[in-house]
Amino acid sequence: MLKVDRKGGIAVVVLKYMKVLSAFIIIVALCFVNNVKAEISEDEYAELREIFSEARLSIMSDAEKEELVNGNLTIDEKIYQITKTVNDTYTYSEIDSDLYETLMDNYNNGITTMDAYHETSYKRIQIIDNHLGGNSHRMMVYTQWLVTPATKSYDVTAMRIDGGTVVDGTQDGTQVFWKNGEYDYVDYSWNGTNIRKSDNGFGISMNLVDGASYFETDISANVISTSQNSVAYGTYQHAVTDVSLSQSQSYTISHNGLGDVLNFATSVHNYYDAMAGVSISLAQ
């Protein structure tokens, strides 16, 4: 049985969001409704849908689904509004339930203000701890866009572990997007050119696909906690102007960085929207 302990302040609206998103991606739902694998029950699949989109679940392996439904999940989630200021900088704030529901109603009804928008964006970010037992965890940082971003360049998703280590070789990432009437995805490997690793975490740069209109990204890794006070931090930083892969990797993993994770070089720092992050204690 899937056990979920939500730590985020707006968890009460997540199920409503997922129902709205289900309507938005009804084509995908119809394609996959008959392909729910026998390894998990329909009830377990429905529970996973409270966390992940239909599109993300459609590319998730049977082994991943089974690991999640048999695990003990703890989740911190937030939805942020990012606004461009008159000085060409960006501010962020966590949005309340009423605004969230209005945004999703607009999104579902195809109102144009929810299309590519240069001044304000909305993103849902989660950090998910699947406690595998003892001091072993499978961590994920999962972000969903509630708008189509105006700039599509190298965004960075990263995690930092305080009081623990990332098991090298277990890191991976995925970008899911909607283009040409269907969902598609890009996988990122633990030893690819888009990953930057350090002793206390890692980040993956993902070039948002041109011409796509819906995005979600995630990174995952196995983590070993080494302290009773171990904490995992996650962040998603959106490039607000075109950057190169090299520029997007000009960072160190540090508590002094954006979202308590990504400390970009001074020359690159202002190219990103500086959205706050999420964090979670790693129970042993």
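The structure reproduced in this document is the subject of the present report. None of these values were measured; they are calculated from a predicted model. The residue count restarts for each chain, going from 1 along the sequence in the order it is written. It should be noted that, the model being predicted, local features are given only for residues of pLDDT at least 70 and side-chain atom pairs only at 80 or more, the latter also being counted only at that level, while totals for whole chains, interfaces and linings use all residues. Values shown for side chains rest on all heavy atoms present in the structure; no hydrogens or waters enter the calculation.

**Quick look at the overall build of the protein**
Think of it this way: any DSSP run of H or I at least four residues long counts as a helix, any run of E at least two long counts as a strand, and we number them from the N terminus. Each helix and strand in the protein was counted, giving eight helices and 16 strands. Buried, partly exposed and exposed residues are distinguished by accessible area as a fraction of the type maximum, computed with a 1.4 Å probe on protein chains only: under 20%, between the cut-offs, and over 50%, respectively. Within the protein, the fraction of its 284 residues that count as buried is 51%. Each accessible area value is a Shrake-Rupley result obtained with a 1.4 Å probe; residue values ignore everything except the protein chains displayed when judging cover. With an accessible surface of roughly 12,300 Å², the protein has 46% of that area assigned to carbon and sulfur atoms.

**Observations regarding the nonpolar core**
Grouped together as the largest cluster of nonpolar side chains are 35 residues, with contacts concentrated most on Met139 and Phe202. Of all the secondary-structure elements, those providing two or more residues to this core are strand S2 (72-84), strand S4 (120-133), strand S5 (136-145), strand S6 (154-162), strand S11 (201-207), strand S12 (215-225), strand S13 (231-237) and strand S16 (278-281). Sorting elements by how many residues they give to this core places S12 first, with four residues. Discounting chain neighbours no more than four positions away, the residues touching Phe202 are Thr157, Ala158, Met159, Val166, Gln171, Ile195, Arg196, Lys197, Ile219, Ser220, Ala221 and Ile253. Val231, Tyr251, Val261 and Tyr272 belong to the second-largest nonpolar core, a separate cluster that totals 15 residues. The term nonpolar core refers to a set of buried residues drawn from Ala, Val, Leu, Ile, Met, Phe, Trp, Tyr and Cys, joined through side-chain atoms within 4.5 Å. Throughout, a contact is declared for two residues whenever any of their heavy atoms are within 4.5 Å.

**Quick word on the sheet that holds S13**
Any two strands with at least two DSSP bridges between them are considered paired. If you trace the five strands from one edge of the open sheet to the other, you get S10-S11-S6-S13-S16, paired in antiparallel fashion. Two strands bound the open sheet, and with one partner strand each, they are strand S10 (195-198) and S16. When strand polarity is set aside, the average angle formed by the axes of neighbouring strands in this sheet is 10°. Two strands pair when backbone bridges link them, and S6 and S11 are joined in this way by seven bridges, in the antiparallel orientation. Looking at S11, one finds that Arg160 is bridged to Gly201. Fitting a line to C-alpha atoms yields each axis, with helices limited to the stretch in contact; the angle taken between N-to-C directions then spans 0 to 180 degrees.

**Describing the environment of Ile195**
Turning to its location among the elements, Ile195 is positioned in strand S10. Ile195 gets classed as buried once you look at its relative accessible area, which sits at 12%. In sequence terms Ile195 and Asp172 are 23 residues apart; their C-alpha atoms lie 8.7 Å from each other. If we ignore the near neighbours within four places in the chain, the residues touching Ile195 are Gln171, Ser189, Trp190, Phe202, Gly203, Ile204 and Gln249.

**Considerations on the packing of aromatic side chains**
Ring geometry is summarised as follows: Phe, Tyr and Trp rings, the Trp one being its six-membered ring, pair when their centres sit within 6.5 Å, and such pairs are stacked at plane angles under 30 degrees, edge-to-face over 60 and tilted between the two. Under the definition given, this model contains six aromatic pairs. Seen in terms of ring centroids, Phe264 and Tyr272 are 4.4 Å apart; in terms of plane orientation they differ by 10°. Their pairing is stacked. Aromatic rings pair up to connect Trp178, Tyr183 and Tyr214 into one cluster. The criterion is that NZ of a Lys, or CZ of an Arg, lies within 6 Å of the ring centre and within 35 degrees of the ring normal, and then a charge sits over that ring. One Lys or Arg, Lys123, reaches over the ring of Trp145 and ends 4.6 Å from the middle of that ring. The cationic tip of Arg160 hangs over the ring face of Tyr233; the distance from NZ or CZ to the ring centre is 4.2 Å.

**Quick notes on the environment of Glu67**
Here Glu67 shows up in helix H5 (residues 62-69). Judged by its relative accessible area of 35%, Glu67 is partly exposed. Distance from Glu67 to Leu132, taken between C-alpha atoms, is 8.6 Å for residues 65 residues apart in sequence. Beyond its immediate stretch of four places on either side in the chain, Glu67 contacts Asn130, Leu132 and Arg138.

Keep in mind these values describe shape, not function.
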